[in-house]
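Single-letter residue listing:
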Amino acid sequence: MSPENKNEVMPSESPKCDVAVTIDGKKAFFKKPNRATLGLAMAKGANDPLTSVEIIVENCYVGGDISKKELLEDVSNLFALSGVVNQIIGTKAVEVKNS
């Protein structure tokens, strides 16, 4: 991890989760959201993107060096996670071409 990039996402080595996120040297482990969680995050986050991050944390956090409470109560942590939420969700790259 480079000094200028304090937050990183990597595949998890733990069998109970899918993604490990490092925020300022502390790891947080997440499982991928199910359809209901993803739908709720998209609906509630339409007007407030940090709400969608809160929903993902509430439902997908499985443990780590940083607690769920720390993630949810510190807006800088939520903002950091907002930049990597697509990797937590596991979105796929899409390419659109006109025919």
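See the structure printed just above.
Novice: I would appreciate a short explanation of the packing of aromatic side chains in the present structure.
Specialist: One pair of aromatic rings is described through two measures. These are the centre distance and the angle between the planes. Under the defined criterion, the tally for this structure stands at 1 aromatic pair. Here Phe-30 and Tyr-61 contribute two aromatic rings whose centre-to-centre distance is 5.9 Å and whose plane-to-plane angle is 75°, an arrangement assigned as edge-to-face. Taken as a pair, Phe-30 in strand S3 (residues 26-30) and Tyr-61 in strand S4 (residues 61-64) lie far apart in primary sequence, 31 residues in all. In this pair, the class of Phe-30 matches that of Tyr-61, namely buried.

Novice: What am I meant to see in unusual backbone geometry here?
Specialist: Note: most peptide bonds trans; most residues except glycine with negative phi. Here Asp-24, not a glycine, exhibits a phi torsion of approximately 50°, which is positive. In this structure, Asp-24 sits in the loop between strand S2 (19-23) and S3.

Novice: What's the story with the nonpolar core in this structure? I'm lost.
Specialist: Among the nonpolar cores identified, the biggest contains 21 residues, and Val-21, Phe-30, Ile-56, Val-57, Leu-71, Leu-81 and Ile-88 are the most heavily contacted of them. Going through the elements one at a time, S2, S3, helix H2 (49-60), helix H3 (68-73), helix H4 (75-82) and helix H5 (85-89) are the ones with two or more residues in this core. With 5 residues, the top contributor of residues to this core is H2. With near-sequence residues (within four places) excluded, Val-57 lies in contact with Phe-30, Lys-68, Leu-71, Leu-72 and Leu-81.

Novice: How should the pattern of salt bridges be read in this particular structure?
Specialist: Side-chain pairs of opposite charge can arise whenever the charged atoms involved come near each other. For the structure shown, the criterion picks out 2 salt bridges. One salt bridge in this structure joins Lys-26 and Glu-70, with 3.4 Å as the shortest N-O distance. In this pair, Lys-26 sits in strand S3 while Glu-70 sits in helix H3, placing the two residues 44 residues apart along the sequence. Under the relative-accessibility criterion, Glu-70 is labelled partly exposed at 32%. Between Lys-97 and Glu-95 there is a salt bridge; the shortest N-O distance is 3.6 Å. For Glu-95, a relative accessible area of 63% corresponds to the exposed category.

Novice: Please explain the packing of H2 against H4 as it appears in this structure.
Specialist: When two helices pack together, their arrangement is given by the angle between the helix axes and by the axis-to-axis distance. Packing of H2 against H4 brings their axes to within 9 Å, and their N-to-C directions diverge by 90°. Here H4 runs roughly perpendicular to H2, going by the angle between their axes. Across from Leu-50, Val-53, Glu-54 and Val-57 in H2, the residues of H4 making contact are Val-75, Leu-78, Phe-79, Leu-81 and Ser-82. Here the contact of H2 with H4 is built from residues that sort into 7 nonpolar, 1 polar and 1 charged.

Novice: What should I look at first to understand the pairing of S3 in this one?
Specialist: Regular strands show a simple pattern: their side chains alternate between the two faces of the sheet. Bridging between S2 and S3 involves 5 bridges; their strand directions are antiparallel. Across the sheet, residue Val-19 finds its bridge partner in S3, namely Phe-30. Linking S2 to S3, which pair antiparallel, is a turn of 2 residues; within it Asp-24 sits at a positive phi near 50°. Sheet topology note: the S3/S4 ladder contains 3 bridges and is antiparallel. Bridging across to S4, Ala-28 finds its partner in Gly-64.

Conventions and cut-offs
Residues numbered from 1 in each chain as written. Predicted model: local features only at pLDDT ≥ 70, side-chain atom pairs only at ≥ 80, totals over all residues. Heavy atoms only, no water. Phe/Tyr/Trp six-rings, centres within 6.5 Å; stacked < 30°, edge-to-face > 60°. Helix = DSSP H or I, 4+ residues; strand = E, 2+ residues; numbered from the N terminus. Buried < 20%, exposed > 50% of the residue type's maximum accessible area, 1.4 Å probe, protein only. Core = buried A, V, L, I, M, F, W, Y, C linked by side-chain atoms within 4.5 Å. Contact = heavy atoms within 4.5 Å. Salt bridge = Lys/Arg side-chain N within 4 Å of Asp/Glu carboxyl O. Axes fitted to C-alpha atoms, helices over the stretch in contact; angles between N-to-C directions. Parallel < 35°, antiparallel > 145°, perpendicular 65-115°, else oblique. Nonpolar A, V, L, I, M, F, W, Y, C, P; charged D, E, K, R; others polar. Pairing = 2+ DSSP bridges.

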